[in-house]
Amino acid sequence: MSRSTIVIGAGLAGLAAAVMAVAKGDSVTLLEATPHAGGRCRSWPLAGESLPLVDLGTHLILRGNRAVHAYLARIGAQEGFVAPGPTPGALTMIGVEMGAEGRLTVPLGPSLLLKPPKPLTRAALFAASTLMLGGTVADRLDLSGPAGRWLWGPLTRSILNTDPVEGDARLLAAVLRQGLLRGAAAACPLVARQSLSASLIEPALTYLQAKGAHIRFTTPLRDFHRGNDRLTALRVGTGEIIPITPSARVILAVPPLAAQRLLPELIVPTESRAILNAHAVLPAPPNANETPELLGLIDGTGEWFLRRGARVAITVSAADSFRGWPEAKLSAAFRADLLRLYGSAPETVTLIWEKRATFAATPAQAALRPKMRASGLLNLRLAGDWTDTGLPATIEGAIRSGIRAAESWF
Ligand SMILES: Cc1cc2nc3c(=O)[nH]c(=O)nc-3n(C[C@H](O)[C@H](O)[C@H](O)COP(=O)(O)OP(=O)(O)OC[C@H]3O[C@@H](n4cnc5c(N)ncnc54)[C@H](O)[C@@H]3O)c2cc1C
């Protein structure tokens, strides 16, 4: 008889754990509080629009993200990501400082260090080797020089979702090591070809269903029943009690504060940082079938602009300082950015705030991240981007944590 694994939370950590457990032959039950899977990594149609789904924020991964690619291979979704233009494998940064041309193409990987494009210098790039010493990014890197303005500042904010002044230097170093320093192929950024749900979520649900997993939406976990050093039952939103047999295992893959409500003794990162997304449809739509295009704007309001056909998704990371801005002011600022980048801007821009987008990647908050066995309960593992993955809150970290939690029993 197969062992059973109960996974709580159908974000990427929970989906990855469920996919791994079912692949190893476990009978899997996945409980999710909301009516949908994907958590912070999902897509939906904007009200009144017939265009494809929009993502809850543009998500970038690297070709060198091993856990993500193992997950995609397992669920048969390797084709779901694509290297965005205008120069695949490079970042295209825009800013008036670069003169008439106004753009800097930054190739990612070793060629950046060997032959940096002006005004970046080798000394400023090699300074990244000091990130391993710890502290904040601002402690280690000069953020006021060209490398700081064109590369380290934008990269830190988007990778850590935390301002470089307070962002954890070691967490940034972990991502640079894992992708950018492992060669141009590993460093190549990728975006979902169509949408996050189509690339990462729907194929996982199809895989789990085909393998007989029992997926229950709108089923929040409310409480654990414990006996000595084990969980004995789960109480879910409907009041139903789900018994946990002696051979069953539980993986808790919910956000940090939800985990702490269920396990009050658990120490978790409590501070978070917001991400602001804006969605716009350009009035003069370019060819809808072309490769997505990603532009970084260093002196605008929006930071990253991902265009898929006529639709542009704008991202501002570590956006808490914009929380007090009225919607009309934000929309006008984004429309000005769009006009500058594409020569046209729509009448309306849809704003989407994710107030608790990720934990605050400061050294102090990073020190609070628990290990997967931190509950001390023998049949419970923790997973999620906020657990001690060694990475910032990323897709790679979330999937890695889910896979590790599921594998820890095999
Ligand atoms: C706007 C935005 C942009 C981002 N950009 C990037 C990027 O470019 N690159 C990158 O790598 N990462 C990015 N991230 C981070 C990435 O989305 C997350 O790291 C990842 O999705 C976290 O997955 P998770 O499973 O750990 O958590 P979550 O996605 O939060 O999943 C937790 C799940 O648990 C469920 N849940 C909560 N409580 C209960 C309960 N009591 N019972 C049952 N279920 C419950 C929730 O509904 C949710 O489905 C971004 C995040 C945001 C918000």
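Note that the coordinates shown come from a computational prediction; the quantities given were computed from them, not determined experimentally. (Residues numbered from 1 in each chain as written. Predicted model: local features only at pLDDT ≥ 70, side-chain atom pairs only at ≥ 80, totals over all residues. Heavy atoms only, no water.)

### A closer look at the pairing of strand 8 (residues 103–107)
- Here strand 8 shows a buried face lined by L104 and V106 and an unburied face lined by R103, T105 and P107.
- For strand 7 (residues 90–94) and strand 8, the ladder comprises 5 bridges, and the chain directions are antiparallel. What sits directly across from A90, in strand 8, is P107. (Buried < 20%, exposed > 50% of the residue type's maximum accessible area, 1.4 Å probe, protein only. Helix = DSSP H or I, 4+ residues; strand = E, 2+ residues; numbered from the N terminus. Pairing = 2+ DSSP bridges.)

### Details of the packing of aromatic side chains
- Summed over all chains, the structure comprises 1 aromatic pair.
- Each ring, one from F322 and one from W325, has its centre 4.9 Å from the other, and the planes form 70 degrees; the classification is edge-to-face.
- With a relative accessible area of 14%, F322 lands in the buried category.
- The ring of W325 has K329 sitting right over it, with the charged end atom 4.1 Å from the ring centre. (Phe/Tyr/Trp six-rings, centres within 6.5 Å; stacked < 30°, edge-to-face > 60°. Lys NZ or Arg CZ within 6 Å of the ring centre and 35° of its normal.)

### With respect to the domain arrangement of the chain
- Here the chain is partitioned into domain 1 (4–43 + 196–270 + 362–407) and domain 2 (109–182).
- The C-alpha centroid of domain 2 is placed 32 Å from the C-alpha centroid of domain 1.
- With 10 residues of domain 1 in contact, the opposing surface of domain 2 contributes 12 residues.
- Of the roughly 730 Å² buried where domain 1 meets domain 2, counting both sides, 67% is carbon and sulfur surface.
- Viewed at the interface, domain 2 and domain 1 are joined by 0 salt bridges.
- Counting the contacts that link domain 1 with domain 2 gives 0 residue pairs in polar contact (both at pLDDT 80 or more).
- Looking at the side of domain 1 that touches domain 2, the elements with two or more residues in it are helix 12 (363–366) and helix 13 (395–407).
- Among the residues making up the side of domain 1 that touches domain 2, the classes are represented as 4 nonpolar, 3 polar and 3 charged. (Domains from an automatic or database assignment. Contact = heavy atoms within 4.5 Å. Buried area = accessible area lost by both parts, 1.4 Å probe. Salt bridge = Lys/Arg side-chain N within 4 Å of Asp/Glu carboxyl O. Polar contact = N/O pair within 3.5 Å; in protein donor to acceptor, adjacent residues only side chain to side chain. Nonpolar A, V, L, I, M, F, W, Y, C, P; charged D, E, K, R; others polar.)

### Quick notes on the environment of D163
- Within the secondary structure, D163 sits in the loop between helix 6 (146–160) and helix 7 (169–178).
- Residue D163 is classed as partly exposed on the basis of its relative accessible area, which comes to 28%.
- Those residues within four positions of D163 in sequence are excluded, and the remaining contacts are R157 and A318.

### Comments concerning empty space enclosed by the protein
- Scanning the entire structure with this criterion turns up 1 cavity of 30 Å³ or more.
- Approximately 40 Å³ is the volume attributed to the largest cavity.
- Surrounding the largest cavity, P84, G85, A90, L91, T92, P189 and L294 form its lining.
- Counting residues per element, the lining of the largest cavity draws most heavily on strand 7, which supplies 3 residues. (1 Å grid on protein atoms, 1.4 Å probe; cavity = no way out; pocket = protein on both sides within 12 Å on 5 of 7 lines; lining within 4 Å. Points joined across faces, edges and corners; volume = space filled by probe spheres on them.)

### Observations regarding the site of the ligand
- Near the ligand, the surroundings consist of 35 residues, among which E32, H59, L60, D385 and I395 are the closest.
- One of the side-chain nitrogen or oxygen atoms of D385 is found 2.7 Å away from an oxygen atom of the ligand.
- Take T394: an N or O atom from its main chain is 3.3 Å from an oxygen atom of the ligand.
- Here the ligand loses 90% of its free accessible area of 1000 Å² to cover by the protein chains.
- Split into classes, the residues belonging to the shell around the ligand amount to 20 nonpolar, 11 polar and 4 charged. (Near = heavy atom within 4 Å. Areas by Shrake-Rupley, 256 points an atom, 1.4 Å probe, with all protein chains shown as cover.)

### A short note on the pattern of salt bridges
- One pass over the structure, following the stated rule, counts 14 salt bridges.
- Taking the shortest distance from any N to any O, the salt bridge between K371 and D388 comes out at 2.6 Å. One end of the pair, K371, is in the loop between helix 12 and strand 20 (380–382); the other, D388, is in the loop between strand 20 and helix 13, with 17 residues separating them in the sequence.
- Taken together, the shared-partner salt bridges in this structure form one network comprising R3, D26 and R249.

### A word on helix 9 (residues 196–210)
- A rise of 1.5 Å per residue sets the reference length of helix 9, with its 15 residues, at 21 Å; its end C-alpha atoms lie 21 Å apart and thus fit the reference within 8%.
- Along its length, helix 9 reaches its greatest deviation from straightness, about 30 degrees, at E202, and the proline P203 lies no more than four positions downstream.
- Buried within helix 9 are the following residues: L196, S197, S199, L200, I201, P203, A204, L205, Y207 and L208.
- Positive phi appears at G212, one or two residues downstream of helix 9, with a value of about 85 degrees. (Expected span 1.5 Å × (residues − 1). Bend = angle between axes of the 7 residues up to and from the residue.)

### Observations concerning the sheet that holds strand 7
- Pairing in this open sheet of 7 strands is mixed, and the strands run 8-7-16-17-18-15-19 from one edge to the other. The open sheet terminates on both sides in strands that have one partner only, identified here as strand 8 and strand 19 (350–359). In this sheet, adjacent strand axes meet at a mean angle of 25 degrees when their direction is disregarded.
- As defined by bridge partners, strand 17 (residues 304–308) adjoins strand 18 (residues 311–316) across 5 bridges and the pair is classed as antiparallel. (Axes fitted to C-alpha atoms, helices over the stretch in contact; angles between N-to-C directions.)

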